[in-house]
Protein chains: 2
Amino acid sequence: MVQTDTTTWQGVTQKELGQAARNHGMQLEGLRYDVTPIGMHYLVIHWDIPAADETTWSVEVDGLVDRPLSLSMDDIRARPAVTRPVTMECAGNGRALMPPRAESQPWLLEAVGNAEWTGTPLPPILEDAGLRPDAMELIFTGADHGIQGEVEQDYRWGFSLADIVKDDVLLAYGLNGHPLPPQHGFPIRLLVPDWYGMCSVKWLRRITAVAEPFDGFQVSAYQRRQEPDGPGERVTRKAVRALMMPPGFSDFPARQRFVDAGMQELIGRAWSGWGHIDRVEVSVDGGATWSDAELGPKPESPSSWRSWSLDWDARPGERELLVRATDEAGNTQPTDAPWNYGGFMNNMPQRVSAVVR
Amino acid sequence: MVQTDTTTWQGVTQKELGQAARNHGMQLEGLRYDVTPIGMHYLVIHWDIPAADETTWSVEVDGLVDRPLSLSMDDIRARPAVTRPVTMECAGNGRALMPPRAESQPWLLEAVGNAEWTGTPLPPILEDAGLRPDAMELIFTGADHGIQGEVEQDYRWGFSLADIVKDDVLLAYGLNGHPLPPQHGFPIRLLVPDWYGMCSVKWLRRITAVAEPFDGFQVSAYQRRQEPDGPGERVTRKAVRALMMPPGFSDFPARQRFVDAGMQELIGRAWSGWGHIDRVEVSVDGGATWSDAELGPKPESPSSWRSWSLDWDARPGERELLVRATDEAGNTQPTDAPWNYGGFMNNMPQRVSAVVR
């Protein structure tokens, strides 16, 4: 049982607790809902939530463009609007289960949510601004400001044009039919559906076209490395993952599960940044054997999670349940995800221990 | 600086992290808002969030009553409705700053929020049911179920009639103008404005009038004890507390503060379960001297927090800021709150270290 393996567990430091007290996980009961209710969706806030007045807010589009823009919130809301479900996940989801780890937010498996986002597509805005032929990347700058790695900075992320000039990339101002709450980026944020959440810059202030690859702090920090300062591999799209809602009920504070013997319906959701989910498998014997779960309807968009279920004939005893998914690109969750210093992209199968009585 | 005193700090255990990953703190930037946005309000969920269908939900009123009631959500919403702001706080707020501690949710100082709750007052419901003369206490039972201290139980809290038959006690079904989200007790919960949050039973299913004092597990657990199983003192009303929004900006992941030299407005909120806030004092020199903050308007109800502000002439150097409040009953935050095993009611003044540059 990975979650209570005290041979690998390392106590959480005060810095990590300072993060865990602010950042929010989705209670795994949230897997019950197709659309994650506001307040259950996961949250990571790198520094502070900035104060924001939507009546004076603007998004600047500048750099290598023919017609720089300064868009008010009224301008943005007057543009064509789309609403779509998107599964957002933190690249550090699973970090605390892959020790030793860098000091950051110590997620177990709760850093996910599937909300209905409303916004306006990015590409027509870029057409209005007129990207110049020498533009190579776009840099998105948020209003959140702080120090990381001894660098004082506004939060920024950079993308190649091929990665970001896509119809499903939004400037989003609505969440589940409401204005964005402050903690999700009010009044406006970037939303990049297939990538991990860190690149969907919140409290968006500026979009800048540049001629060189952007090597900002965050892009450099979100890399899979074997050493803190070694060469890395960029974290981009969400790796395939399934989660189950732990069955039965729990104790406090250990959250060990207890399940009544007999037929139990196991349910959960699965997603990938590489396309639709094609298969979900469940093991009820610690990974020795696997059974195919029944998949729910294929969502309209591959950016939204897909439900799954499996009837389990729970026999008395200590049981260990696992779940893993495969996407249409053929990616499957690995038994052992490769370790990296930042604790990114740990998509090893979830393990749930349960006492069946 | 209490928050980084490594001589008293104890690493967070895996059980505590399992709690911290599910329970949500209010980022202290939330002190900026008079009404806490949904998703910023603190949350403690003892076991799991139960599934709930409001069309079949009922609240039973039974026990020592002449006319037992079974109230549907339509019945409850047809009754007179009131909306009022209430500051809710966890009794364990500050627990991680008062070691050694019992294994539970390791709060720093974020377990608070001030929402606009909508519901119907409790006393007329009890009149309709007809409390019998021998009724002495009311037991409130939620739909959340689990094991704690080796006792399998539904979540329950008991009150004397004098404590609970009050006009400001609500059966609440709305939060900030919306239906309760699942994590706050959908479709209905108890709301006891002046007490700590643990007694405002969520997912309310039953109100039972009994002739004996209720000695249920939770009432017994929420006691201030010097030994795990020793005699205790019940945790009831919120102790007086002020919090400040940490000024300037932070680093990641330590959340050390950095402030520009010059005039800075310090802001925050203060509350008490014993009446209105009468005074807020701030120290900018580690507690050596204190200045009175300016209080915001007295809220209509003493159950809602009160804003405060102070202009601070920030001089370069390392500074330690403290804040403490006094309520109209004369209660003041103590320099050293008495330790107890459960880590309850630690209302020592908040300390914020800042580097002024």
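Colleague: Lay out the sheet that holds strand β20 (residues 306-314) of chain A with the relevant residues and their values.
Modeller: Ordered by their spatial adjacency, 4 strands build an open sheet running β13-β16-β20-β19 (chain A), and the pairing between neighbours is antiparallel. A single partner strand is all that each edge strand has here, and the edge strands are β13 (241-244) and β19 (294-295) of chain A.

Colleague: Which residues make up the sheet that holds strand β13 (residues 241-244) of chain B, and what values do they have?
Modeller: Residue and element names in this part refer to chain B. If you trace the 4 strands from one edge of the open sheet to the other, you get β13-β16-β20-β19, paired in antiparallel fashion. Pairing within the sheet leaves two strands with one partner each, and these edge strands are β13 and β19 (294-295). Bridge analysis of β13 against strand β16 (residues 262-271) gives 4 bridges, and the strand direction is antiparallel. Across the sheet, residue Met-244 finds its bridge partner in β16, namely Gly-268.

Colleague: Can you tell me about helix α3 (residues 122-129) of chain A, naming the residues and giving the values?
Modeller: All names here are of chain A. Those residues of α3 that sit buried are Leu-122, Leu-126 and Ala-129. An end-on view of α3 places all buried positions within 60° of arc, on one side of the element. Away from its buried face, by an angle of more than 90 degrees, α3 presents the exposed residues Pro-124 and Glu-127. Taken together, the buried residues of α3 touch β1 (58-63), β2 (69-72), β4 (112-121), α4 (161-164) and β7 (170-175). Gly-130 sits one or two positions beyond α3 and adopts a positive phi of about 75°.

Colleague: How would you summarise the domain arrangement of chain A if you had to cite specific residues and measurements?
Modeller: Residues and elements named next belong to chain A. If you check the domain split of chain A, you get domain 1 (7-234) and domain 2 (241-356). A straight line from the C-alpha centre of domain 1 to that of domain 2 covers 27 Å. On the domain 2 side, the residues contacting the 29 residues of domain 1 number 25 residues. Listed by contribution, the elements that provide at least two residues to the side of domain 1 that touches domain 2 are β3 (82-89) and β11 (223-225). Among the residues making up the side of domain 1 that touches domain 2, the classes are represented as 13 nonpolar, 6 polar and 10 charged.

Colleague: I'd like to hear about the relation of the copies chain B and chain A, residue by residue, with values.
Modeller: Rotating chain B by 180° and translating it 0.0 Å along the rotation axis places it on chain A, where the RMSD comes to 0.0 Å. What the rotation and shift describe, once combined, is the action of a two-fold rotation axis. Across chain B, the rotation axis passes nearest the C-alpha of Gly-39 of chain B, at a separation of 1.7 Å. In this assembly, 98% of the residues forming the interface of chain B have copies in chain A that are likewise at the interface, indicating an isologous arrangement.

Colleague: Could you give me a rundown of the pairing of β16 of chain B, with the residues and numbers involved?
Modeller: Strand direction decides the pairing type here: β16 of chain B and strand β20 (residues 306-314) of chain B, joined by 9 bridges, are antiparallel. Along β20 of chain B, the bridge assignment pairs Leu-266 of chain B with Leu-310 of chain B.

Colleague: I'd like a rundown of the nonpolar core, residues and numbers included.
Modeller: In this structure, Leu-171 of chain A together with Leu-171 of chain B are the most contacted members of the largest nonpolar core, which totals 185 residues. If we ignore the near neighbours within four places in the chain, the residues touching Leu-171 of chain B are Val-59, Ile-76, Gly-119, Thr-120, Leu-122, Ile-188, Leu-190 and Leu-204 of chain B.

Colleague: If you had to explain the interface of chain B and chain A to someone new, which residues and values would you point to?
Modeller: Every contact between the two is made by 51 residues of chain B and, on the other side, 50 residues of chain A. Elements that contribute at least two residues to the side of chain B that touches chain A include exactly α1 (14-20), β5 (137-148) and β14 (249-252) of chain B. Of all the elements, α1 of chain B adds the most residues to the side of chain B that touches chain A, at 7 residues. In terms of residue class, the side of chain B that touches chain A is made up of 24 nonpolar, 17 polar and 10 charged. Judged from the 3 bridges that link them, strand β14 (residues 249-252) of chain A and β5 of chain B form a sheet pairing that is parallel. When the bridges of β5 of chain B are listed, Ser-250 of chain A appears paired with Gly-146 of chain B.

Colleague: An account of unusual backbone geometry is requested, with residue identities and associated values reported.
Modeller: Backbone torsion omega between Phe-186 of chain A and Pro-187 of chain A reads 5°, so that peptide bond is classified as cis. Structurally, Pro-187 of chain A is set in the loop between β8 (178-179) and β9 (189-191). Omega for the peptide link from Pro-99 of chain B to Pro-100 of chain B comes to -10°, which places this bond in the cis form. Of note, Trp-203 of chain B is a non-glycine position whose phi angle comes to about 50°, a positive value. Turning to its location among the elements, Trp-203 of chain B is positioned in the loop between β9 (189-191) and β10 (204-210). Even without a glycine there, the phi angle at Met-345 of chain B is positive, about 55°. Within the secondary structure layout, Met-345 of chain B lies in the loop between β21 (317-327) and β22 (350-356). Assessed through the 25 C-beta atoms surrounding it within 10 Å, Met-345 of chain B is described here as buried.

Conventions we followed
The residue numbering used here restarts from 1 in each chain and proceeds along that chain's sequence as written. Both sets of labels track the order of writing: A upward for chains, 1 upward for ligands. Under the rules for a predicted model, residues below a pLDDT of 70 receive no local features and side-chain atom pairs below 80 are neither given nor counted, while totals for whole chains, interfaces and linings still include all residues. Should DSSP find at least two bridges between two strands, the strands are regarded as paired. Runs of E in the DSSP output that reach at least two residues are strands. Runs of H or I that reach at least four are helices, and both are numbered from the N terminus. Here a residue counts as buried when 20 or more other C-beta atoms fall within 10 Å of its C-beta, as exposed when 12 or fewer do, and as partly exposed in between; the C-beta atoms come from the backbone. Directions pointing from the helix axis toward each C-beta atom define the arc. By definition, residues are in contact whenever their C-beta atoms, placed on the basis of the backbone, come within 7 Å of each other. Domain ranges listed in this record stem from an automatic or a database domain assignment. Three classes are used: nonpolar for Ala, Val, Leu, Ile, Met, Phe, Trp, Tyr, Cys and Pro, charged for Asp, Glu, Lys and Arg, and polar for all others, with Gly counted as polar. Least-squares superposition aligns the copies on the C-alpha atoms of those residues with pLDDT at or above 70 in both. Any set of buried Ala, Val, Leu, Ile, Met, Phe, Trp, Tyr and Cys residues joined through C-beta atoms within 7 Å is what this text calls a nonpolar core.

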